[in-house]
Amino acid sequence: MNYFTEDRSPDVVNARMTEVSSPRLHRVMTSLVEHLHAFIKDVELTEPEWEAAIDFLTRTGQICTDTRQEFILLSDVLGVSMLVDAINNRVPDGATETTVFGPFHVEGAPEREMGANISLDGKGETCLFEGRVVDLHGNPVEDALVSVWSDNEDGFYDVQQPGIQPAFNNRGIFRTGPDGRYAFRGIKPVSYPIPDDGPVGGMLAALGRHPWRPAHMHFMITANGYRRVITHIFVAGDPYLVSDAVFGVKQSLIVPFEKVDRPTESWRAHFDFVLCRTDAEGRPGH
Ligand code: BEZ
Ligand code: FE
């Protein structure tokens, strides 16, 4: 009989998967069982450690709400989110690189006039963000939707402070014209800690890791016929660029913010987004 033994443990479990609903599910689950069993054997997991792991995962689920996703946070701090992003968003040289989506994007942000200020709480140093959305050959992309979001000067997203910050504070969507240009005003981003009052924060502390992210502005660019780009631009010189808690920094996304002395803004950041066409370009390995 194929009873469970330490030696044959993954094979015994995987042998039960006889009527799996898809070949892909079979591939993923058998590999998961193999790696999970190998990991447990590698560290010779103790029973108290197993109990602690169950307790950790239970608390991770229990703290989740509509506005708090502790499992995504766990994936982020373990580098899993960035690895999934890397595997699924390989792009050719010259195209804008992607980074972690994060848990603070919300649907329904308003489309605003080009140049509008997304900072509704009047805090922070005003910054002009501008550039173009172009294709791999430098041609402008018209009708691209440039969706942006950031924390406020205190380091919180509007959804973290309902009733304190105005709804859709530091959020907006901008539509490019025939020249592919976008421009909006927001605040010069500030670095902030990811939520660290839950199990993931406890894990970071136990590992001697800090929870900080370097200052950044989030962007999601969509346009008909082009692959969606989810990314950030990071503020050059931020002390956390080299130790981002979620490993999101890429050299190509670090932007010098220029100090300016204008009635409408004190800082300026310029960044062009280079999109790949759907399917035709930029899917090596797929
Ligand atoms: C963010 O940049 O909004 C973010 C990303 C990962 C975890 C927490 C926050
Ligand atoms: Fe963020």
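Bear in mind the structure is a predicted one, so any value in this text is a computation, not a measurement. (Residues numbered from 1 in each chain as written. Chains lettered and ligands numbered in written order. Predicted model: local features only at pLDDT ≥ 70, side-chain atom pairs only at ≥ 80, totals over all residues. Heavy atoms only, no water.)

Trainee: Would you take a moment to explain the coordination of the iron ion (ligand 2) for this structure?
Mentor: Tetrahedral metal sites with four donors have an ideal angle of 109.5 degrees; octahedral sites with six donors have ideal angles of 90 or 180 degrees. Bound to the iron ion (ligand 2) on the protein side are Tyr157 (OH), Tyr192 (OH), His216 (NE2) and His218 (NE2), at distances that span 1.9 to 2.2 Å. One way to put it: the six donor atoms around the iron ion (ligand 2) meet at angles of 54 to 164°, and that makes the site irregular. For the iron ion (ligand 2), the single-chain donor residues occur in sequence as Y-x34-Y-x23-H-x1-H. With Tyr157 in the loop between β2 (145–149) and β3 (171–175) and Tyr192 in strand β5 (residues 192–193), this residue pair connects regions lying 35 residues apart in the sequence. Overall, Tyr157 belongs to the buried group, its relative accessible area being 0%. (Donors = N, O, S within 2.8 Å, 3.2 Å for Na, K, Ca; no water. Tetrahedral: all angles 85-135°; square planar, octahedral: opposite > 155°, others 65-115°. Helix = DSSP H or I, 4+ residues; strand = E, 2+ residues; numbered from the N terminus. Buried < 20%, exposed > 50% of the residue type's maximum accessible area, 1.4 Å probe, protein only.)

Trainee: Teacher, can you tell me more about a nonpolar patch on the surface here?
Mentor: A cluster of nonpolar residues, Leu25, Val28, Met29, Leu32, Leu36, Phe39, Ile40, Val43, Leu45, Trp50 and Ile54, forms a patch on the protein surface that exposes about 920 Å² of accessible area. Contributions of two or more residues to the nonpolar patch are made by α2 (23–43) and α3 (47–62). Looking at the nonpolar patch, the element that brings in the most residues is α2, giving eight residues. (Patch = residues over 30% accessible without salt bridge, like charges linked within 9 Å, V, L, I, M, F, W, Y side chains within 5 Å. Areas by Shrake-Rupley, 256 points an atom, 1.4 Å probe, with all protein chains shown as cover. Salt bridge = Lys/Arg side-chain N within 4 Å of Asp/Glu carboxyl O.)

Trainee: Hey, could you run me through the pairing of strand β8 (residues 229–235) in this one?
Mentor: Remember that side chains alternate between the two faces of the sheet whenever the strand is regular. Most of β8 sits inside the fold, with seven of its seven residues counted as buried. Across the two faces of β8 the burial is the same, with Val229, Thr231, Ile233 and Val235 and Ile230, His232 and Phe234 all buried. Pairing analysis gives six bridges linking strand β7 (residues 216–222) to β8, with the strands arranged antiparallel. Each residue of the ladder has a partner; that of Ile221, found in β8, is Val229. (Pairing = 2+ DSSP bridges.)

Trainee: What am I meant to see in the nonpolar core here?
Mentor: If you look at soluble globular proteins, the nonpolar side chains tend to sit buried side by side. Ranked by internal contacts, the top residues of the largest apolar core, which has 30 residues, are Phe184, Phe219, Ile221, Ile233 and Phe257. For this core, the elements supplying multiple residues, two or more each, are β1 (126–135), β2, β4 (181–187), β7, β8, β11 (267–270) and β12 (273–275). Apart from residues no more than four positions distant in its own chain, Phe257 is found in contact with Cys127, Phe129, Lys188, Pro189, Ile233, Phe234, Val235, Trp267, Arg268 and Ala269. In this structure, Ile194, Met203, Leu204 and Val246 belong to the second largest nonpolar core, which totals 12 residues. (Core = buried A, V, L, I, M, F, W, Y, C linked by side-chain atoms within 4.5 Å. Contact = heavy atoms within 4.5 Å.)

Trainee: Which parts of the structure should I look at to understand unusual backbone geometry?
Mentor: A negative phi angle characterises most non-glycine residues, just as the trans form characterises most peptide bonds. The backbone phi angle of Glu44 is positive, close to 50°, even though this residue is not glycine. Summarising the element assignment, Glu44 is placed in the loop between α2 and α3. The exposure class of Glu44 is exposed, given its relative accessible area of 62%. Here the phi dihedral of Asp143 falls at roughly 65°; this positive angle occurs in a residue that is not glycine. Along the chain, the position of Asp143 falls in the loop between β1 and β2.

Trainee: How do you make sense of the packing of α3 against helix α6 (residues 199–206) when you look at a structure like this?
Mentor: Angle between the axes and distance between the axes are the two parameters that describe a pair of packed helices. In contact at an axis separation of 9 Å, α3 and α6 are set at 135° when each is read in the N-to-C sense. Between α3 and α6, the angle falls in the class oblique. Contacts between α3 and α6 pair Phe56, Arg59 and Thr60 from the former with Pro199, Val200 and Met203 from the latter. A class-by-class count of the residues in the contact of α3 with α6 yields four nonpolar, one polar and one charged. (Axes fitted to C-alpha atoms, helices over the stretch in contact; angles between N-to-C directions. Parallel < 35°, antiparallel > 145°, perpendicular 65-115°, else oblique. Nonpolar A, V, L, I, M, F, W, Y, C, P; charged D, E, K, R; others polar.)

Trainee: I tried to follow the site of ligand 1 on my own but got confused; where do I start?
Mentor: Neighbouring residues of ligand 1: Leu73, Asp76, Gly102, Pro103, Phe104, Tyr157, Tyr192, Ile194, Arg213, His216, His218 and Val246. His216 places a polar side-chain atom, nitrogen or oxygen, 3.0 Å from an oxygen atom of ligand 1. Contact with the protein chains hides 100% of the accessible area of ligand 1, taken as 270 Å² for the molecule alone. At the level of elements, α4 (70–77) and β7 are the ones that each hand at least two residues to the shell around ligand 1. (Near = heavy atom within 4 Å. Polar contact = N/O pair within 3.5 Å; in protein donor to acceptor, adjacent residues only side chain to side chain.)

Trainee: Just checking my understanding: could you explain the domain arrangement of the chain for this structure?
Mentor: Frequently, the measure chosen for interface size is the accessible area that the parts lose on association. According to the domain assignment, the chain contains domain 1 (1–45) and domain 2 (75–282). Put simply, the middle of domain 1 and the middle of domain 2, counted by C-alpha atoms, are 40 Å apart. (Domains from an automatic or database assignment.)

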